[in-house]
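Examining the three-dimensional arrangement
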Amino acid sequence: MLLTTGKAEPKGREAILLSLLPSVPMASPTLTGQLPETVDSPSPPPGPSACGQDDVTVGTGADKRAREELARLAAGDAGKERGGTSKLAEAGRGLPRPGGGPSPLTDWLRPAVSDARQPIQAGRGDAQPISGQGSPGASVFASASGPNPQGEGARATGPRVTYVRTARLGPPAGARLLPGTPMASEGLAGALAAVLGGRGLLVQSYDSGPAGEPPAPVRLRKNVCYFVLAVFLNEQDEVLLVQEAKKECRGSWYLPAGRMEPGETIVEALQREVKEEAGLQCEPLTLLSVEERGPSWIRFVFLTRPTGGILKTPKEADAESLQAGWYPRTSLPTPLRAHDILHLVELAAQYRQQARHPLLLPQELPCSLVCQRLVAIFTSVQTVWVLVGTLGMPHLPITACGFTPMEQRGGIKMAVLRLLQECLTLHHLAVEIKGLLGLQHLGKDQTDGICLNVLVTVAFRNPGTQNEPPKVQGENFFWWKVVEEDLQSQLLQRLRESSVVPINR
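Residues numbered from 1 in each chain as written. Predicted model: local features only at pLDDT ≥ 70, side-chain atom pairs only at ≥ 80, totals over all residues. Heavy atoms only, no water.

When helices and strands are counted, the chain shows ten helices and 19 strands. Across the 505 residues of the chain, 58% fall into the buried class. Taking the contacts inside the chain whose residues are at least 6 apart along the sequence as the reference set, 78% of them involve residues at least 24 apart. (Helix = DSSP H or I, 4+ residues; strand = E, 2+ residues; numbered from the N terminus. Buried < 20%, exposed > 50% of the residue type's maximum accessible area, 1.4 Å probe, protein only. Contact = heavy atoms within 4.5 Å.)

If you want it as C-alpha cells, here you go:
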C-alpha cells in the first residue's frame with residue numbers, strides 16, 4: 001500500500017520506490033514521543049548541482065594523545081590520575097566499568113594505526129590525497145557463460161551485463177573520466193579502507209540525484225535543520241538530564257540537546273548546547289545514533305563525557321534550562337519531555353558494556369548537499385563484491401538526497417533505493433541498509449551539507465545457487481570483486497556483528 005499525504009498520488013519512479021520501502025529495513029526501532037523540534041521544508045533555492053572539489057582527500061585526524069586519554073578514561077583511570085578532587089570529579093567524569101574490569105571501549109583502542117577499527121577523532125588531521133594511475137590492460141569479465149566474444153580486455157556490450165573486476169584494474173574502456181580527478185583504480189581499495197575506518201573522502205559529484213531540477217546546496221535553518229544530543233553516563237551509572245525552561249515544556253526533563261547553528265561543526269554545536277543547558281564542558285566519545293525524519297531533519301546522538309565546568313543549579317536558571325542533574329539510569333525524573341530518550345540512554349548503556357562498533361566522530365570535510373556514499377555489498381561463500389560507480393575513475397557511488405514531499409516522506413533511504421534502482425532490477429532483490437560507517441560535515445564557509453557513509457547489503461530474495469552478484473544495467477556501475485583479505489575480513493566482520501552506527505527513523 002502506498003502512503004498518502006492527502007495530495008495526488010506519486011507516479012512513475014517515485015511510486016515504485018515507495019512500494020519498495022517495506023522491503024528495505026533500516027536495522028533500528030521506531031522512535032516514539034514528541035519531536036524536540038520541527039522544521040519547515042521550503043523548496044531548495046537554485047544553485048550548483050554538486051560539490052566542486054578537485055581532490056579526493058582522506059580525513060583521518062587520528063591523534064595519539066587523544067586515543068591514550070580516551071583509553072585511560074574507558075579504563076576508569078582518568079579520575080585517579082587527577083586525584084578525583086577537581087571539578088571534573090564533581091561533574092561526574094568517566095565511564096563506569098561493570099564488574100571493575102576494563103571497559104569494552106578499550107577493545108577499539110588496541111589496533112595499530114593502520115587498522116580500520118582505530119578510533120577516529122574529529123578533524124581533518126593529517127589528511128592526504130589518494131592519487132596515482134591504475135594498471136591498464138586488466139581484463140573485464142562478463143557474467144554470461146562462455147568466453148568473452150570480444151576478447152580479453154574488451155568491454156562487453158548489451159543490456160544487463162555484470163562486470164566483475166579486481167582491485168588492481170585500470171579504468172574501464174570508454175569510461176567517462178572527469179579532468180583533475182586523482183582517484184585511480186588502485187585507490188579504490190584505499191578508499192574502501194578509509195570509509196571502513198571511519199575516515200572521510202571528499203564528495204566531488206554524485207551518481208544519482210532526485211528527478212527534476214538538480215539538488216541545490218543546503219542551508220541550515222532554511223531547507224535543513226540538524227540537531228545534536230548528548231548522553232552522559234557517570235561511574236555511578238547515572239544519566240545527566242536538564243530541566244526545560246521553554247514555555248511549552250517547562251519543568252520537564254530531557255537529555256542536553258538542541259539545534260545546530262550556521263557556521264558550527266557538529267562537535268562545536270554539541271559542546272555549546274551542553275555548556276548552555278548543563279553548565280559543563282564536554283568531549284564526545286563516539287557517535288551513537290543518527291535519527292532522521294527525511295533529509296531536512298537529522299539528529300546526531302553522542303556518548304559524551306564531561307571535561308570541566310560546574311553543574312547548573314536552579315540559581316543559574318535561564319532561558320536555556322532551569323537546572324541540570326545526575327539521576328539513576330533506572331529511575332529517571334518525571335515528567336520527561338519525550339520518551340524517545342529512553343531508547344538512547346539504553347543504547348549508551350549497551351555500548352558501554354559491549355562496544356558493537358568502533359569509536360566514531362564526524363570528519364570535518366566540506367560538502368554542499370545531503371548525500372550518502374554507499375558501500376553496497378553482495379556476499380557469496382566468503383566472497384565479497386562491492387558496487388562501484390564509473391563516472392570518472394572507479395569510486396564508491398554517491399546518491400544525493402532530494403527535498404520533495406516524496407523523499408521527505410520516505411526518508412533518506414529513498415535516495416539509496418533510487419540509485420540501486422538505476423542499475424539493478426530490485427523486484428527480485430532484498431536490500432538492507434545496515435547502518436553508518438562514517439559521517440562527514442564541516443559547516444564552515446556555508447558548506448552545510450553532510451555525507452553519510454552507509455553500509456548496504458544486496459541479496460537475492462530466493463538465493464538458490466546464485467554465487468555471483470545481480471546483473472548491472474548500463475555502464476555507469478559495476479561489481480568489484482574484493483580480493484584483499486584484510487578488506488574482505490573487515491566487511492564480513494561488520495556484517496556478522498552489525499558493527500555500524502544505527503540510523504533510526
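If you look at the biggest cluster of nonpolar residues, it comprises 60 residues, and the most contacted ones within it are Tyr226, Phe300 and Leu420. Among the nonpolar cores identified, the runner-up in size contains 25 residues, and Val239, Leu255, Leu288 and Leu303 belong to it. (Core = buried A, V, L, I, M, F, W, Y, C linked by side-chain atoms within 4.5 Å.)

Moving on, we get to the pattern of salt bridges. Under the definition given, this model contains 17 salt bridges. Between Glu261 and Arg221 there is a salt bridge, and its shortest N-O distance comes to 3.3 Å. Of this pair, Glu261 sits in the loop between strand 9 (257-259) and helix 6 (266-278) while Arg221 sits in the loop between strand 5 (200-201) and strand 6 (225-232), and the two are 40 residues apart along the sequence. For Glu261, a relative accessible area of 31% translates into the label partly exposed. On the accessibility criterion, Arg221 (40% relative accessible area) is partly exposed. (Salt bridge = Lys/Arg side-chain N within 4 Å of Asp/Glu carboxyl O.)

This brings us to the sheet that holds strand 7 (residues 238-244). One open sheet accounts for three strands, arranged 8-7-12; its pairing is antiparallel. Two strands bound the open sheet, and with one partner strand each, they are strand 8 (253-254) and strand 12 (321-328). Here two bridges tie strand 7 to strand 8, and the two strands are oriented antiparallel to one another. In the strand pairing of strand 8, Val242 is matched with Tyr254. Across the sheet, helix 6 touches strand 7 and strand 12, and the angle it forms with strand 12 is around 95°. (Pairing = 2+ DSSP bridges. Axes fitted to C-alpha atoms, helices over the stretch in contact; angles between N-to-C directions.)

The next subject is the confidence of the model for the chain. Scored by pLDDT, the chain comes out at a mean of 74, with 63% of its residues at no less than 70. In this model, residues 1-9 is a region of pLDDT below 50 whose contacts with residues beyond four sequence positions or in other chains number ten contacts. Residue range residues 28-185 is modelled with pLDDT below 50. Its contacts to residues more than four positions away, or to other chains, number 361 contacts. (pLDDT = per-residue confidence, 0-100.)

Moving on: the packing of aromatic side chains. A ring pair, where both rings are aromatic, is described by two values, the distance of the centres and the angle of the planes. Inspection of every chain in the model, using the stated rule, returns seven aromatic pairs. Geometrically, the ring pair formed by Trp253 and Tyr327 is edge-to-face, given 5.2 Å between the ring centres and 70° between the ring planes. Here Trp253, found in strand 8, pairs with Tyr327, found in strand 12; they are 74 residues apart in sequence, far enough to count as distant. According to the relative accessible area criterion, Trp253 is buried, its value standing at 5%. On the basis of relative accessibility, which here comes to 24%, the residue Tyr327 falls in the partly exposed class. Here Phe378 and Phe460 contribute two aromatic rings whose centre-to-centre distance is 5.8 Å and whose plane-to-plane angle is 80°, an arrangement assigned as edge-to-face. Here Phe378, found in strand 13 (residues 370-380), pairs with Phe460, found in strand 17 (residues 450-460); they are 82 residues apart in sequence, far enough to count as distant. A relative accessible area of 3% places Phe378 in the buried class. Aromatic rings pair up to connect Phe378, Trp385, Phe460 and Trp479 into one cluster. (Phe/Tyr/Trp six-rings, centres within 6.5 Å; stacked < 30°, edge-to-face > 60°.)

Mapping Ser252 onto the fold places it in the loop between strand 7 and strand 8. Since its relative accessible area comes to 7%, Ser252 is described here as buried. Not counting residues within four places of it along the chain, the set of residues in contact with Ser252 comprises Val242, Gln243, Glu244, Pro335, Leu336 and Arg337.

Time to look at unusual backbone geometry. Cis geometry is found at the peptide bond from Thr334 to Pro335, where omega equals 0°. Positive phi, close to 70°, is recorded for Arg221, a residue that is not glycine. Despite not being glycine, Gln446 shows a phi value in the positive range, around 60°. Position of Gln446 relative to the elements: it lies in the loop between strand 16 (429-441) and strand 17.

Let us now look at the environment of Tyr226. For Tyr226, the location among the structural elements is in strand 6. Residue classification places Tyr226 among the buried positions, given a relative accessible area of 1%. When the C-alpha positions of Tyr226 and Pro295 are compared, they lie 9.6 Å apart, and in sequence the two are 69 residues distant. Once residues within four sequence positions are removed from consideration, Tyr226 is found in contact with Val218, Leu220, Gly258, Arg259, Met260, Ile298, Phe300, Val370, His441, Asp448, Gly449 and Ile450. Within the structure, the side chain of Tyr226 is placed 2.8 Å from the backbone oxygen of Asp448, a separation counted as a polar contact. (Polar contact = N/O pair within 3.5 Å; in protein donor to acceptor, adjacent residues only side chain to side chain.)

Attention shifts here to helix 7 (residues 340-353). The α-helix winds at 3.6 residues per turn, so residues separated by three or four positions along the chain end up facing the same way. Taking 1.5 Å of rise per residue, 14 residues should cover 20 Å, and helix 7 covers 21 Å from first to last C-alpha, within 8% of that figure. For helix 7, the complete set of buried residues consists of Asp340, Ile341, Leu344, Val345, Leu347, Ala348, Ala349, Tyr351 and Arg352. Tucked inside the fold, the buried residues of helix 7 contact strand 6, strand 7, strand 8, strand 10 (280-292) and strand 11 (297-309). (Expected span 1.5 Å × (residues − 1).)

What follows concerns helix 6. Between its first and last C-alpha, helix 6 extends 18 Å over 13 residues, near the 18 Å set by a 1.5 Å rise per residue. When helix 6 is considered as a whole, its buried residues turn out to be Ile266, Val267, Ala269, Leu270, Glu273, Val274, Glu277 and Ala278. Looking straight down helix 6, one finds its buried side chains confined to an arc of 160°; they lie on one side. Positive backbone phi, at 85°, marks Gly279, one or two positions downstream of helix 6. (Arc of directions from axis to C-beta.)

What follows covers the environment of Glu273. With respect to the helices and strands, Glu273 occurs in helix 6. C-alpha of Glu273 to C-alpha of Ala230: the two residues are 43 residues apart in sequence and 8.9 Å apart in space. Setting aside residues no more than four positions away along its own chain, Glu273 makes contact with Val228, Ala257, Gly258, Arg259 and Ala278.

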